[in-house]
Amino acid sequence: SSTFFSPAHDVVVVDTLPAGTEPVDGGGNPVADGGTVPGDGGIWNATTRTITWTKATTPALAKLDPGTSKTLGYQVRVEHNPVGGRSYTNTADATTSSLDGSVPGVRTSTSATNPGDYKAHATDTVSVVLPSITKTVTPDPTTIGTAVTWHVLVTVPKLVRYYDTTVVDTVP
């Protein structure tokens, strides 16, 4: 016996953006609700926070042969005042069918026969970087009665701004 693989037809990809992010054009401007996201033709829906690609918006999704893939890329902007350490999880779902169009016998992600064969799910998470803080003392080691100097170093990651930051050093 041999195994046969068939192309994926009518591929639909729905990418759900996390709250606190928004798709932008090449100039960094927000994409309007219902607008086309630059790159591969996805449509932004601000209410559902999704970008959707179909064969109508991205012709390459009409049929993907076994072993091939289609990368769908876009840019987003993270909110202006993100909280340090906050994570943003992006989710993408793809559905497909066994045949092109509405043909009798077509199998999809909602079919009774092997529905799992016609859908895929993926997530990825990005986190806002936190500042780092280190503390050293000189001289080290020291003896009783010797004056020491404590050094506190706070490092803010490149391209990150913190507002109303307070550093508290508790002396022993």
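The rules behind these values
- Residues numbered from 1 in each chain as written.
- Predicted model: local features only at pLDDT ≥ 70, side-chain atom pairs only at ≥ 80, totals over all residues.
- Heavy atoms only, no water.
- Helix = DSSP H or I, 4+ residues; strand = E, 2+ residues; numbered from the N terminus.
- Polar contact = N/O pair within 3.5 Å; in protein donor to acceptor, adjacent residues only side chain to side chain.
- Contact = heavy atoms within 4.5 Å.
- 1 Å grid on protein atoms, 1.4 Å probe; cavity = no way out; pocket = protein on both sides within 12 Å on 5 of 7 lines; lining within 4 Å.
- Points joined across faces, edges and corners; volume = space filled by probe spheres on them.
- Nonpolar A, V, L, I, M, F, W, Y, C, P; charged D, E, K, R; others polar.
- Patch = residues over 30% accessible without salt bridge, like charges linked within 9 Å, V, L, I, M, F, W, Y side chains within 5 Å.
- Areas by Shrake-Rupley, 256 points an atom, 1.4 Å probe, with all protein chains shown as cover.
- Salt bridge = Lys/Arg side-chain N within 4 Å of Asp/Glu carboxyl O.
- Phe/Tyr/Trp six-rings, centres within 6.5 Å; stacked < 30°, edge-to-face > 60°.
- Lys NZ or Arg CZ within 6 Å of the ring centre and 35° of its normal.
- Buried < 20%, exposed > 50% of the residue type's maximum accessible area, 1.4 Å probe, protein only.
- Core = buried A, V, L, I, M, F, W, Y, C linked by side-chain atoms within 4.5 Å.

Q: Would you mind going over the side chain of Thr-50 with me for this structure?
A: The topology assignment puts Thr-50 in strand S4 (residues 50–53). Of the polar contacts made by the side chain of Thr-50, one reaches the side chain of Thr-48; its length is 2.7 Å. Among all residues touching Thr-50, those that are not within four sequence positions of it are Val-14, Asp-15, Thr-16, Ile-43, Trp-44 and Asn-45.

Q: How should I be thinking about the environment of Ala-19 in this particular structure?
A: Summarising the element assignment, Ala-19 is placed in the loop between strand S1 (8–16) and strand S2 (21–24). Separated by 59 residues in sequence, Ala-19 and Val-78 have C-alpha atoms that sit 9.1 Å apart. For Ala-19, the residues in contact, after removing those within four places along its chain, are Arg-49, Arg-86 and Tyr-88.

Q: Quick question: what am I supposed to make of the environment of Ala-122 here?
A: Examined against the element boundaries, Ala-122 turns out to sit in strand S8 (residues 119–127). For the pair Ala-122 and Ser-132, spaced 10 residues apart in the sequence, the C-alpha separation amounts to 31 Å. Look past the residues within four positions of Ala-122 in its chain and what remains in contact with it is Asn-90, Thr-91 and Ala-92.

Q: Please explain the layout of surface pockets as it appears in this structure.
A: Think of a ball as big as a water molecule: rolled over the atoms, this probe shows where empty space is left. As a volume, the largest pocket reaches approximately 530 Å³. Here the second largest pocket defines a volume of roughly 290 Å³. Contributing to the lining of the second largest pocket are 22 residues, with Ala-8, Val-11, Leu-64, Thr-68 and Ala-94 lying nearest its centre. Elements with a minimum of two residues in the lining of the second largest pocket: S1, strand S7 (87–97) and S8. Of the residues belonging to the lining of the second largest pocket, the class tally is 11 nonpolar, 7 polar and 4 charged.

Q: What is the right way to look at a nonpolar patch on the surface in this model?
A: The grouping of Ile-133, Val-152, Val-154, Val-156 and Val-167 at the surface amounts to a nonpolar patch, some 380 Å² of accessible area in total. By secondary structure assignment, the location of Val-167 is in the segment after strand S10 (149–155).

Q: Hey, could you run me through the packing of aromatic side chains in this one?
A: How two aromatic rings sit relative to each other is given by the distance of their centres and the angle of their planes. For the structure on display, the rule yields 1 aromatic pair. Between Trp-53 and Tyr-74, the aromatic rings sit 5.9 Å apart at their centres with planes inclined by 40 degrees, giving tilted as the arrangement. Of this pair, Trp-53 sits in strand S4 while Tyr-74 sits in the loop between strand S5 (63–64) and strand S6 (75–78), and the two are 21 residues apart along the sequence. The ring of Trp-150 has Lys-135 lying over it, and the distance from NZ or CZ to the ring centre is 4.7 Å.

Q: Explain unusual backbone geometry to me, please; I cannot follow it from the model alone.
A: For residues besides glycine, phi is generally negative; the peptide bonds are generally trans as well. In this structure, Pro-139 follows Thr-138 across a cis peptide bond, with omega equal to -10 degrees. Note that Pro-139 resides in the loop between strand S9 (132–138) and S10. In the Ramachandran plot, Asp-10 falls in the positive-phi region, its phi being about 50 degrees despite a non-glycine side chain. On the basis of relative accessibility, which here comes to 17%, the residue Asp-10 falls in the buried class. At Arg-49, a position not held by glycine, the phi torsion is positive, near 60 degrees.

Q: Help me understand the nonpolar core in this model?
A: Across soluble globular proteins, nonpolar side chains show a tendency to be buried alongside one another. Judged by nonpolar contacts, Val-11, Val-13, Leu-17, Val-31, Val-37, Trp-44, Ile-51, Trp-53, Leu-61, Leu-64 and Leu-72 together constitute the single largest core of 11 residues. Of all elements in the fold, only S1 and S4 reach the threshold of two or more residues within this core. With residues up to four places along the chain from it excluded, the contact list for Val-13 reads Ile-51, Thr-52, Trp-53, Leu-72, Asp-93 and Ala-94.

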